[in-house]
Amino acid sequence: MKKKSKTFVIGDMHGGHKALVQVLERAKFDYENDTLISLGDVADGWPDVAECFEELMKIKNIVMVRGNHDNWLLNYLRFEETPDIWITQGGRNSFLSYQKHPGLKEKHKDFLMSTPYYYIDEKKRLYVHGGLAPGEDPSKKSPEELMWDRQLYSMLVNKYVKEVIVPGFEMVFIGHTSVSRISKTPIISGNVVFMDTGGGFENVLSLMNVDTKKVFQSDLVATLYPGNHHGKYR
């Protein structure tokens, strides 16, 4: 009997390959049959950026929406751009990762160029890195807005509404802004799931089964990379 496939969503990993492998192992993720949807910001932060992309590309059913840090990395891989804002916000370790693995630059550039800015699955669930305001159509938003928007997070932390609801979608999964100051696990408010639990800096990487909402988490990522403190970035 064929094993029933599962769909998982993962928050911002920021070069934490050891954390990525941990959560996939803890979820017993099947690289051939299960689906993984990454909310972006695979790049910048911890030192194993190239390894993260290699791991994701082993997965047969991988969907990755592009984050703002991934976009900075893509500009480096395409045009050798190294702006200070990128280098000082986690990009230094991405740069060093590809100095160590120059043979992967072209392959990962092609992969990143194929990534969408948002994804909607067959159950009308939206996956986007930054977010969008309730009532907005993601197809009408610019890439910068989809990668950088923080309106849903602001609604959550400032308690503008009782629940964060984005009409027109069954669920909305976002990353980009860590919720670790108010929760150590992903937050579900209304139909929005905030998946960034600080795996890029101060806390853990989180993976969620999108149907059951069961969460799998890594160890504190800093304990997996002792001595690799890389500064705070967003």
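Each value, and the rule that gives it
- Starting afresh in each chain, residues are numbered from 1 along the sequence in its written order.
- Since the coordinates come from a predicted model, pLDDT governs what is reported: local features require at least 70, and pairs of side-chain atoms require 80 or more to be given and counted, while whole-chain, interface and lining totals use all residues.
- Excluding hydrogens and water, the side-chain figures rest on all heavy atoms present in the structure.
- Secondary structure elements follow DSSP: runs of H or I of four or more residues count as helices, runs of E of two or more count as strands, with numbering from the N terminus.
- In this description the radius of gyration comes from C-alpha coordinates, and the expected globular size is given by 2.2 Å times residues to the power 0.38.
- Only protein chains enter the calculation, and the probe is 1.4 Å; a residue is then buried if its accessible area is under 20% of its type maximum, exposed if over 50%, and partly exposed in between.
- Note on contacts: a residue pair is in contact if any heavy atoms of the two residues lie within 4.5 Å.
- We call a set of buried Ala, Val, Leu, Ile, Met, Phe, Trp, Tyr and Cys residues a nonpolar core when their side-chain atoms join them within 4.5 Å.
- To get an axis, fit a line to the C-alpha atoms, keeping to the stretch in contact for a helix; angles then go from 0 to 180 degrees between the N-to-C directions.
- Crossings are classed by handedness, with left-handed meaning an anticlockwise turn of the near helix from the far one by less than a right angle and right-handed meaning a clockwise turn.

Peer 1: Quick question: what am I supposed to make of the overall build of the chain here?
Peer 2: On a plain count of helices and strands, the chain comes out with 8 helices and 10 strands. Computed over its C-alpha atoms, the radius of gyration of the chain comes to 17 Å, within 12% of the 17 Å expected for a compact globule of 234 residues. By the burial criterion, 56% of the 234 residues in the chain qualify as buried. Contacts spanning at least 24 positions in sequence make up 68% of the contacts within the chain whose residues lie at least 6 apart.

Peer 1: Can you help me understand the nonpolar core in this one?
Peer 2: Nonpolar side chains in soluble globular proteins tend to end up buried together. Ranked by internal contacts, the top residues of the largest apolar core, which has 36 residues, are I10, M13, L36, F53, L73, Y98 and L207. Secondary-structure elements contributing two or more residues to this core are β1 (7–10), α1 (17–26), α2 (49–57), α3 (68–79), α4 (84–100), α5 (105–113) and α8 (221–224). Setting aside its immediate chain neighbours within four residues, Y98 contacts V49, A50, F53, L73, Y76, L77, L104, K105 and H108. By size, the runner-up hydrophobic cluster in this structure holds 17 residues, among which are L126, V128, Y153 and F169.

Peer 1: Just checking my understanding: could you explain the packing of α2 against α5 for this structure?
Peer 2: Two quantities define a packed helix pair, namely the angle between the axes and the distance from one axis to the other. In contact at an axis separation of 11 Å, α2 and α5 are set at 65° when each is read in the N-to-C sense. Considering how the two elements wind past one another, α2 and α5 form a crossing that is left-handed. From α2, A50, F53, E54 and M57 reach across to α5, where they touch K107, H108, F111 and L112.

Peer 1: How should the environment of K60 be read in this particular structure?
Peer 2: Following the sequence through the fold, K60 ends up in the loop between α2 and β3 (61–64). The exposure class assigned to K60 is exposed, which follows from its relative accessible area of 58%. Taking the C-alpha atoms as reference points, K60 and L36, separated by 24 residues in sequence, lie 9.0 Å from one another. Non-local contacts of K60, meaning those with residues more than four positions away in its chain, are made with Y31 and E32.

In short, the description is geometric, and any link to function would need to be established separately.
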